[in-house]
Amino acid sequence: MTPASQKKERQESIVITGTSRGIGLQLVEKYVNCGWRVFGCSRGPSEVKHKSYTHFELDVADEPAVVKMFGEVRKSGAPLYALLNNAGSASMNHVLTTPVATMEKLWRVNVLGTMICCREAAKQMVLRRRGRIVNFGSVAVVYALEGEAVYVATKAAVEAFTRVVARELGDYGVTVNAISPNPVKTDLIAGVPAAKMTALVNRQSIKRYGEFKDIMQALDYLLHPDTDFTTGQIIYLGGP
Amino acid sequence: MASHERLKSLLMECVREYAEQAGVQVKIDENTPLLGADSAVDSLGLVMIVTGFEAKVNETFDSGIVLANESAMSMRRSPFRSVAALTEYAGQLLREAKAA
């Protein structure tokens, strides 16, 4: 039985970032329909209207806003079990023509946002000696993907951060892992030329686009209550 | 408004919980050191005490303070050095949050 399909005796909560569209939106729909208490956030509103879903309009790098959101989670009465740090931003550009502002923007969303959400979630999880944190990296890190130096640098930071935090929380019943998806057809890659995407997919061990079910299967494993000995791992979907 | 005594009581509760879990003997009063050679609390213990205290404060006073913030880290004398100092620091953060 997987966490997504598991009916719980006591409802626990899950926080998902970047839920207004793409994979984050699909994750919200999946988990609310399986009986989880879900909290999500994005810079804009959410189209999800469900009694078990609460949406926060915020920037994940805005520390006071994130602290407030996790305060609301704590007050909900549904103990926090999992955090999915899905929010992310991408940019494709040669380093010679990349504005500093691009690096700052991606660093804030991808790294700072992940760090603040991890910290606030872990504060609740360690007190219960129970929790699952899943960050999102990218296969672009292992490919050292040219044209994405800034994006790759931020995702490499997320993956390194994941490994260290896994060690820091290991004694408290909290696992910390990362899923690093291969290209999935979402808005994140909408502006990338088709030829480049095909070349990228052909570098994978399994040469096809990723699908939502691939991510969901990895999450089902990582979030399962019995998966308490897998931590600090980076799962490259499609194979590096 | 958060009373000093209420905050101190919450913090001492956290130190007590830590001592029980860690199996260490700690004389708990406002002079109890939380840092340094005289402290019975190790570095991870301090992390747990601060985390637990922050949660209790935010729950009790419906606030959203973060104890381990930049200001705390840059102070000449650490606000985490003793029960009295951390109690005073939490009270200060609550007052600042209310005034903001």
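For the structure, see preceding data.
Every value quoted in this text rests on a predicted model; they were computed, and no experiment measured them.

J.: Describe the interface of chain B and chain A, naming the residues involved and giving the relevant values.
T.: Contacts between chain B and chain A engage 13 residues on the former and 11 residues on the latter. Both faces considered, chain B and chain A share a buried interface measuring about 970 Å² in area, 58% of it formed by carbon and sulfur atoms. When the buried surface of chain B facing chain A is broken down by residue, B:M48, B:T51 and B:V66 rank first, second and third, together holding 44% of it. At the junction of chain B with chain A, the criterion picks out 2 salt bridges. A:K123 is the salt-bridge partner of B:E54, the closest N and O atoms lying 2.6 Å from each other.

J.: How would you sum up the sheet that holds strand β1 (residues 13-17) of chain A? Please name residues and give values.
T.: All names here are of chain A. Within the open sheet, the 7 strands sit side by side as β3-β2-β1-β4-β5-β6-β7. Their pairing is parallel. What marks the edges here is a single partner per strand, and that holds for β3 (53-57) and β7 (234-236). On average, each strand axis in the sheet is tilted by 15° relative to the strand beside it, whichever way the strands run. As paired strands, strand β4 (residues 80-85) and strand β5 (residues 131-136) are joined by 4 bridges and run parallel to one another. Counterpart to L83 in the pairing with β5 is I133. Lying over the sheet, helix α3 (residues 100-128) contacts β1, β4, β5 and β6 (174-180), oriented at roughly 165° with respect to β4.

J.: Before we move on, can you summarise the pairing of strand β2 (residues 37-42) of chain A with the specific residues and values?
T.: Residues and elements named next belong to chain A. Taking burial as the measure, the 6 residues of β2 include 6 buried ones, the bulk of the element. As judged from the 5 bridges shared by β1 and β2, these two strands associate in the parallel manner. If you follow I16 over to β2, its bridge partner there is G40. As a crossover connection, the stretch from β1 through helix α1 (residues 22-33) into β2 is right-handed. Where β2 and β3 come together, 5 bridges link them in parallel fashion. Note that in β3 the partner of F39 across the bridge is T54.

The rules we used
- Residues numbered from 1 in each chain as written.
- Chains lettered and ligands numbered in written order.
- Predicted model: local features only at pLDDT ≥ 70, side-chain atom pairs only at ≥ 80, totals over all residues.
- Heavy atoms only, no water.
- Contact = heavy atoms within 4.5 Å.
- Buried area = accessible area lost by both parts, 1.4 Å probe.
- Salt bridge = Lys/Arg side-chain N within 4 Å of Asp/Glu carboxyl O.
- Pairing = 2+ DSSP bridges.
- Helix = DSSP H or I, 4+ residues; strand = E, 2+ residues; numbered from the N terminus.
- Axes fitted to C-alpha atoms, helices over the stretch in contact; angles between N-to-C directions.
- Buried < 20%, exposed > 50% of the residue type's maximum accessible area, 1.4 Å probe, protein only.
- Right-handed = clockwise from strand over helix to strand, strands pointing away.

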